[in-house]
Amino acid sequence: MRWNSFIAGFVAAIVLALVIALVVILSGAYNVAATDRHNPIAAWAFETTFENSVSRQASAIAAPELTPAMVQAGAGEYKAMCAQCHGGIGEERAGFAQGMMPRPPALAASAEHLSASEVFWLVKHGVKMSGMPAFGPTHDDEVVWNIAAFVKAMTGMSADRYAAYGAGEEGGHHHAAGEGHGH
């Protein structure tokens, strides 16, 4: 009899949680404004889901050796497509990115905790409900790997070295044949 009471209580708790979630969803009670921070429970849920999803999705991707040539080639792509939101070393994000929620991470610091495969996956597939576009539909894997190589190289890069990329050096901004950014 105790087991049945436990099961009934557990089911009732699940049903109550679902009803509360449905009321919040349908009532619009949760403020989705980018000017309002997530409550701590929602922030934890979103961050944990993000980290675990990226880790899982990228786990089957074998990263190539990230070469200096890839870093060089990825510099122009990063500066053209990523720096406005993520900033650069010694460069702030564009003004509009200050109002994004979640705020795009400064990749020079946060990429240290990501594998090259995770950076590749994020650039290729983007992130739902974050403002991070998927560049895979408009750029081939070679370009995406070049961006990943540059992002990974940024973790130990000086501001002078960052500024030197694209200033008279080779490496630029390339699309898949006949395609644009889509952003």
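Residues numbered from 1 in each chain as written. Predicted model: local features only at pLDDT ≥ 70, side-chain atom pairs only at ≥ 80, totals over all residues. Heavy atoms only, no water.

## Some words on the UniProt feature "transmembrane region" (unreviewed entry) in the protein
Then, number 1: Per the UniProt record, "transmembrane region" (unreviewed entry) is found at residues 6–30.
Then, number 2: The span residues 6–30 is 88% helical and 0% strand by assignment, and the distance between its end C-alpha atoms comes to 32 Å. (UniProt positions renumbered as here; feature names shortened; annotations may be inferred. Helix = DSSP H or I, 4+ residues; strand = E, 2+ residues; numbered from the N terminus.)

## Description of the packing of aromatic side chains
Then, number 1: Following the criterion strictly, the structure yields seven aromatic pairs and no others.
Then, number 2: Seen in terms of ring centroids, Trp 3 and Phe 6 are 5.7 Å apart; in terms of plane orientation they differ by 25 degrees. Their pairing is stacked. Of the two residues, Trp 3 and Phe 6 both sit in helix H1 (residues 2–27), three residues apart, roughly one turn of that helix. Each member of the pair Trp 3 and Phe 6 is classed as exposed.
Then, number 3: With 5.5 Å between their ring centres and 45 degrees between their planes, Tyr 78 and Phe 150 make a pair best called tilted. Residue Tyr 78 is found in helix H3 (residues 68–81), and its partner Phe 150 is found in helix H7 (residues 141–154); the two are separated by 72 residues along the sequence. Accessibility assignment for this pair places Tyr 78 and Phe 150 in one class, buried.
Then, number 4: Taken together, the ring pairs connect Tyr 78, Phe 150, Tyr 162 and Tyr 165 into an aromatic cluster.
Then, number 5: One Lys or Arg, Lys 79, reaches over the ring of Tyr 162 and ends 4.5 Å from the middle of that ring.
Then, number 6: Here the guanidinium or amino end of Arg 161 rests over the ring plane of Tyr 165, the centre of that ring lying 4.1 Å away. (Phe/Tyr/Trp six-rings, centres within 6.5 Å; stacked < 30°, edge-to-face > 60°. Buried < 20%, exposed > 50% of the residue type's maximum accessible area, 1.4 Å probe, protein only. Lys NZ or Arg CZ within 6 Å of the ring centre and 35° of its normal.)

## A look at the state of the cysteines
Then, number 1: Within this structure, the stated rule accounts for zero disulfides.
Then, number 2: In this structure Cys 82 is a free cysteine whose sulfur lies 8.6 Å from that of Cys 85, the closest cysteine sulfur available.
Then, number 3: A relative accessible area of 6% places Cys 82 in the buried class. (Disulfide = S-S within 2.5 Å.)

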